[in-house]
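Observations on the three-dimensional arrangement
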Amino acid sequence: MAEERVPEISPPIRATITHVIFDLDGLLLDSEKFYTEVQKKILGRFGKTFDWSLKVKMLGKKAIESARLVVEETGLSDVMTPEVYLEEKEEMLQQLLPTTELMLGVKQLVSHLHANGIPICVATGSPASHFKLKTQKHGEIFSMMHHVVTGDDPEVKKGKPSPDIFLAAARRFEGTVDPRNILVFEDAPSGIAAAKNAGMSVVMVPDPRLDVYHLKEADQVLSSLSDFMPMEWGLPTF
Ligand SMILES: O=P(O)(O)OC[C@@H](O)CO
Ligand SMILES: [Mg+2]
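Residues numbered from 1 in each chain as written. Chains lettered and ligands numbered in written order. Predicted model: local features only at pLDDT ≥ 70, side-chain atom pairs only at ≥ 80, totals over all residues. Heavy atoms only, no water.

1. Some remarks on unusual backbone geometry
Note: most peptide bonds trans; most residues except glycine with negative phi. With an omega of 15°, the peptide bond running from Lys160 to Pro161 counts as cis. Among the structural elements, Pro161 can be located in the loop between β3 (148–150) and α8 (164–171). (Helix = DSSP H or I, 4+ residues; strand = E, 2+ residues; numbered from the N terminus.)

2. Notes on the coordination of the magnesium ion (ligand 2)
At this site the magnesium ion (ligand 2) is bound by Asp23 (OD), Asp25 (O) and Asp187 (OD), with donor distances of 2.0 to 2.2 Å. A relative accessible area of 8% means that Asp25 is categorised as buried. Look at Asp187 and you get buried, because its relative accessible area is 5%. (Donors = N, O, S within 2.8 Å, 3.2 Å for Na, K, Ca; no water. Buried < 20%, exposed > 50% of the residue type's maximum accessible area, 1.4 Å probe, protein only.)

3. Some words on the nonpolar core
Ranked by internal contacts, the top residues of the largest apolar core, which has 29 residues, are Val20, Phe22, Leu28, Val110, Phe142, Phe185 and Phe228. Breaking this core down by element, the ones donating at least two residues are β1 (19–22), α5 (106–115), β2 (120–124), α7 (139–142) and β4 (182–186). Residue contributions to this core peak at four residues, all from α5. The contacts of Phe185, once residues within four sequence positions are left out, are Val20, Ile21, Phe22, Asp23, Leu27, Leu109, Val203, Leu225 and Phe228. (Core = buried A, V, L, I, M, F, W, Y, C linked by side-chain atoms within 4.5 Å. Contact = heavy atoms within 4.5 Å.)

4. Some remarks on the pairing of strand β5 (residues 201–204)
Residue alternation in β5 divides its side chains into two sets, Ser201 and Val203 and Val202 and Met204, and both sets are buried. As paired strands, β4 and β5 are joined by four bridges and run parallel to one another. Counterpart to Phe185 in the pairing with β5 is Val203. Handedness of the crossover joining β4 and β5 through helix α9 (residues 189–197): right-handed. (Pairing = 2+ DSSP bridges. Right-handed = clockwise from strand over helix to strand, strands pointing away.)

5. Brief notes about the pattern of salt bridges
According to the stated counting rule, one finds 16 salt bridges in the structure shown. With a shortest N-O distance of 3.3 Å, Asp30 and Lys33 are connected by a salt bridge. Its relative accessible area of 28% is what places Asp30 among the partly exposed residues. Accessibility expressed as a relative area gives 44% for Lys33, which makes it partly exposed. One salt bridge in this structure joins Glu88 and Arg45, with 2.3 Å as the shortest N-O distance. (Salt bridge = Lys/Arg side-chain N within 4 Å of Asp/Glu carboxyl O.)

Given below as structure tokens:
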């Protein structure tokens, strides 16, 4: 008797994606650990600890917004302004950021989307000067990005969870792009909220230490970018 062939069943398409926006820190780059290290060192000098709950609030934010949060929430306001706090961090970051490595699956996914003509870009809360330092070893990957929007861009009035940065990133693609056709990749709760506020779909690749309640607004949650299935989003398959 001939063996019965079981037809392959494709998963339903979640959305029809034509354009992709990548977050940077903690998503494309393993750079959050450097910001954490520097924050711990500065706070340690004042006998303060830098805990995970504060780190979660800072993820994805513009540098000055993060600095304000640290200074206010750790009671440093009497000894330091957010601006001085940023300056304190800078020297150590200048040493650490150029050593930044890519996260798992980045090379494969970015190269795949680029090779298949899907317009891709970066939207990061961090400033342009830090983008340059962090990406200097990874020129090939970042040359595939159509554009980069950083947190100090004049169009980014408010950081994530405001949709400003993702709407600015969408405007800089060629032609008019409907936000419903844009997929954002993010690691931060504030970034998930920003993408949803911009009317976009969002795949979250969270730090495993994040509490599950932070994951619920994401359209999909993955352990790493290497688990992403383009077909589920109407994108060309690997
Ligand atoms: O928006 P991203 O690229 O995550 O960067 C902002 C912040 O998380 C850096 O500590
Ligand atoms: Mg991030």
